[in-house]
Structure formats: structure tokens, C-alpha cells
Amino acid sequence: MKKLTVVILSIILVLCLSLFVACDSGYGYLWDSSFEYGENYQYEEVIEQNFVSAAEQPNSYFSLDRNTANYSLMRRQIEENRKISPSSVRIEEYVNYFNYDYARPTGDNALELSGSLFDCPWNGEHKLLSISVAAEELTIENKPRNNLVFLIDTSGSMYGSDRLGLIQQAFTMLLENLDDGDVISVVTYAGDSRVALDGETGSHRIEIARVIEDLEAKGSTNGAGGLQNAYRIAEKHFIEGGNNRVILATDGDFNVGVSSKIGLQLLISQKRESGIYLSVLGVGMTNTNDVTMETLARNGNGNYAYLDSIFEAKKVLVNELGGTLVTVAKDAKIGVEFNADVVNKYRLIGYDTKLLSQEQFEDEATDAGEIGAGHTVTAVYEVELKDEAMGNVATAELRYKDPSNDESKSVSLTYTTADYTETPSQDCVFIGCVLEFGLILRQSKYKADASFSSVLARLETLASYLEKDEFKAEFAEIVNKASKLYENI
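The following refers to the structure shown. (Residues numbered from 1 in each chain as written. Predicted model: local features only at pLDDT ≥ 70, side-chain atom pairs only at ≥ 80, totals over all residues. Heavy atoms only, no water.)

### Observations regarding the nonpolar core
Next up, step 1: Within the largest apolar cluster, 69 residues are counted, with the highest numbers of intra-cluster contacts made by Leu64, Phe150, Phe171, Leu281, Phe338 and Tyr381.
Next up, step 2: For this core, the element with the most residues is helix H4 (residues 164-175), which contributes 7 residues.
Next up, step 3: Discounting chain neighbours no more than four positions away, the residues touching Leu281 are Ile167, Phe171, Ile247, Leu248, Ala249, Thr250, Ala305, Leu307, Val316 and Leu317.
Next up, step 4: Among the nonpolar cores identified, the runner-up in size contains 45 residues, and Ile91, Phe98, Cys120 and Tyr486 belong to it. (Core = buried A, V, L, I, M, F, W, Y, C linked by side-chain atoms within 4.5 Å. Buried < 20%, exposed > 50% of the residue type's maximum accessible area, 1.4 Å probe, protein only. Helix = DSSP H or I, 4+ residues; strand = E, 2+ residues; numbered from the N terminus. Contact = heavy atoms within 4.5 Å.)

Laid out in C-alpha cells, this is it:
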């Protein structure tokens, strides 16, 4: 009887812990096992934010980062004729997948604020307030040495050309863009973890590539063991003033060792204080765990990208290499104060899982987002202005820390009704298209008159603009495919 009681209590404890993890941070874990919404794809449910009265609650706070994985995950599903699970859509990652022509910082600032106020395409009574952030670009003078550990999931779930095969191509491509003085290590994990390469210099690219090409996928997934081993190797070769980073490539399917969201958060949070950051490259679709990968990147002071093709790998690891590897601003967060004399109500579009309280915004110890060199980041509010009201609309304050010395910095900008334009820039028109597309996919209760036909019509006016950027041109193709997949919208 005593043994039976112990067993029952153990089962109850496991169930309670599972429920606690599922409810952590106010967002649930969902498995989507239908073909329509992406077979066996685990994601964190996104709860859409409502409109807020500016008179009752004038302040809005959120963490700022430049993760883009949700966009390329969506792209793969659309390409495979699968509809997107509405509650999985992180609209800010759709918008931030693209780069925009924003004013770059000057002087000692790593980030610069700008923005626009223009008509909301899906609701004629509202405006869009775009808060635009641009990071300093990487130059020869400020380019640090890299100490990189490629942490590669070689478990059985990684078998396939779109998983381990794609990662092998991606890391080989990355090698060609590193300097001879950079230090590269390779750590793998399956049932256990091993060091495949310990601290080789970038001048030995061929030898490093051979190690990566020889990897095979088999066994269970001891992700926690791999992470601990990778951090140990990164610490061994730590470069003072350099870019010390673990780059994890996985489908996120941890099943051995620490695998709960809370356990992973604790592990990664402890390690980031050493100055070693963690970036995540996700792959695969079946059994893909977006929850785990997003959690790791968010808590590891890194970024999260999903590789659905070698085309995407080139974007992340070649075209945007500086932003992927070099963090120029950490713990980035924004506070926006709306003027109730001008604004009736407002709603932040996206960033639903990155909201902060005023206390968290004011607290310098709050772990917020990271922004890489050369990246642009955009946040957009849908606002309802008071009739004929003139003056200040809102003031945004961007706070961040210098990664090299933890010095706190801030940039502020006030947006007024004088900033309103009936002819927004091509960047703003495109952003409006991406936002509207995202609202449709998440079946937002605030999508009003949003439609694929409206998005496609506006994209047609941007023909010359799209021709200059292959990723933006591809977006128009994705919208067209989605319009046929969702025939009744």
C-alpha cells in the first residue's frame, strides 16, 4: 500500500508540473497534429491584445527583438498547402523578417528611433503608428573576433535533407564567411553529447567542413547535455571583447535531460551571464518544437531563425551575418506613452508574448530583447485619434544596454499629428501589407476590412520596390498562394 501511495503521489506531481509548465507566462503549449495546420508542430499559443483606452491606460511596454522564425515557418506551411494555425501567428516576426530603409544611429548610440503615422489600410477610421528602430552596421573597425560553438542535434528526429542535411549545408556556408582568426568548435548531441571539434581556427575551413559533413542522425535527444557541453567549450575558448556564441541547430524535440520550458529557461539564463550568447536555428516540420526553440533564444540573449531552405540559410548566415552573430544592443525594450488628449484608444499589433509591466520596464535587471548589427526592427500600433485633435500622439522611449560594458542607454522620440502623411513611404505601404496579411492568417477579430485582394492590389503598386528585394518579392508570391488556399477570405 505504501508503495502504491508513493506511485500515485508521483503521478500527481508529474501532472501538476506539466500543467504548471503549460500555463507558464500565461501562454499555453499546443500540439497541432492536423495536416491542415502543420503536422505535429508544437507552438506557443499567442493571445491577441485588445484595444486600450489612452485615458485609462496611457502607457504600453514591451521587449524588442528581431526573431524571424515565425515568418519562415509560415512560408513553409503555405508552400506545402497547409493553413496556418491562427493562434500560432506572431505578426511582429512577419514584419521584422524584412529590412527597411530607416535612419541609422550616429554618435555613441547603437540604435536610432524614427517612425511614421499613416492611414490604416483595413480600417478607415484608424491610423497606424510605426515605431522604427535601426541598429548600427558592422564595419571593419567594430567587427569582433568570433568564438563560435556549432551545437548540432544529431538525434534520429533530425534525419533528412530538410533537417541535418540542411544544417550541414548552412554551417558550411557560414564557414566561408568567417575570418581566419575566428575560433570554431563543433558539439553534437543525441543519446549523449560529444565534442566533434575543439577550438579550430577559421583558417582550417576544409577540415571543419569535413567534420560537419561526416555527422549522422540517430538516437534520442539529450539536448540539455549538449547545451552544457557546448557552454563548457565556449568558456574554454572565451575571447575577451569578442563574440562568444553557441549556435544551436535543432528541431527542438528534447526528450532526454532537462526538457521542460522552465528547466530550459533556468539553464540558459544562468549561462548567459557569462557573456556567452545563444542563437537558435530551427529546422523540420513533423515533431518540430517551436516552443523550445523560441524559449532558448529568448533566454539566451540570442536570436531565433527557422531554416526552411538553403535560400533562407543564405539570408540568415550570409546576407545578414553581422546581425545574426554580433549583438549591438541587449535588453532592448520600449515604453510608449500615449496622449489621451489626441488618442482615444490604441492597440499594439504583435509582440503579444513580449509584453512588459511598467516595473519590468523601469527595472534595469529585466531580461529583454537583443538586436544585432545592421538589423531593423519595427513595432506598429493601430490607433484611433480624436476628431480634429492636434498635437502629440505618443512618446516612445527605447532603452538598451551596451553588450560590452552593460552601460544603460536610451533614445526617445515624440510622434505628433504633424507626422501624419496621406502618402506613406513604400516601406510603410509594404509594412501595412504584411500586417494585414498577418491579421488575416490569425483570423483576428480586429481585421475589419482586411482581405487578400486588398493586400495584393497594394503590392502591385510596389512593383519596382519589390524588384529590389528578392525576399519582399517572394512575399507577394506567398500572399497569392495563401489567397488560393484560403478561398473564402
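### Re the sheet that holds strand E8 (residues 183-189)
Strand pairing in a sheet is mediated by backbone hydrogen bonds. Such pairs are either parallel or antiparallel.
Next up, step 1: Ordered by their spatial adjacency, 6 strands build an open sheet running E9-E8-E7-E10-E11-E12, and the pairing between neighbours is mixed. Pairing within the sheet leaves two strands with one partner each, and these edge strands are strand E9 (193-201) and strand E12 (304-306). With direction set aside, neighbouring strand axes in the sheet form an average angle of 15 degrees.
Next up, step 2: In terms of strand pairing, strand E7 (residues 146-153) meets E8 through 7 bridges, oriented parallel. When the bridges of E8 are listed, Asn147 appears paired with Val183.
Next up, step 3: The sheet contacts of helix H8 (residues 290-299) involve strand E10 (243-250), strand E11 (277-282) and E12, and relative to E11 the element is tilted by about 155 degrees. (Pairing = 2+ DSSP bridges. Axes fitted to C-alpha atoms, helices over the stretch in contact; angles between N-to-C directions.)

### Re the side chain of Asp65
Next up, step 1: For Asp65, the location among the structural elements is in the loop between strand E4 (59-63) and helix H2 (69-79).
Next up, step 2: Residue class for Asp65 comes out buried when judged on its relative accessible area of 7%.
Next up, step 3: A polar contact is formed between the side chain of Asp65 and the side chain of Lys354, at a distance of 3.5 Å.
Next up, step 4: Not counting residues up to four positions away in its chain, the partners in contact with Asp65 are Asn96, Tyr351, Lys354, Gly369, Glu370 and Val377. (Polar contact = N/O pair within 3.5 Å; in protein donor to acceptor, adjacent residues only side chain to side chain.)

### Here's the deal with the packing of helix H13 (residues 452-460) against helix H15 (residues 470-485)
When two helices pack together, their arrangement is given by the angle between their axes and by how far apart the axes lie.
Next up, step 1: Here H13 crosses H15 at 155 degrees, and the two axes come no closer than 10 Å. For the element pair H13 / H15, the angle class is roughly antiparallel. The element H13 and its partner H15 pack so that their crossing is left-handed. Note on element contacts: H15 touches H13 through Phe475, Ala476, Val479, Asn480, Ala482 and Ser483, opposite Phe452, Val455, Leu456 and Leu459. (Parallel < 35°, antiparallel > 145°, perpendicular 65-115°, else oblique. Left-handed = near helix turned anticlockwise from the far one by under 90°.)

### A short note on the packing of aromatic side chains
Next up, step 1: Counted according to the given criterion, the structure contains 24 aromatic pairs.
Next up, step 2: Ring centres of Tyr100 and Phe430 lie 6.5 Å apart, and the angle between their planes is 50 degrees; on these two criteria the pair is classed as tilted. Here Phe430 lies in helix H12 (residues 426-441) and Tyr100 lies in the loop between helix H3 (91-95) and strand E5 (111-119), a separation of 330 residues in the sequence.
Next up, step 3: Accessibility expressed as a relative area gives 5% for Tyr100, which makes it buried.
Next up, step 4: On the basis of relative accessible area, Phe430 is assigned to the buried category, the value being 0%. (Phe/Tyr/Trp six-rings, centres within 6.5 Å; stacked < 30°, edge-to-face > 60°.)

### Things to note about the packing of H4 against helix H9 (residues 310-319)
Next up, step 1: Running from N to C, H4 and H9 point in directions that differ by 35 degrees, and their axes come no closer than 9 Å. H9 is crossed by H4, and the crossing has right-handed handedness. In this structure, H4 uses Leu166, Gln169, Ala170, Met173 and Leu174 to contact H9, whose residues at the interface are Ile310, Ala313, Lys314, Leu317 and Val318.
Next up, step 2: Tallied by class, residues from the contact of H4 with H9 come to 8 nonpolar, 1 polar and 1 charged. (Nonpolar A, V, L, I, M, F, W, Y, C, P; charged D, E, K, R; others polar.)

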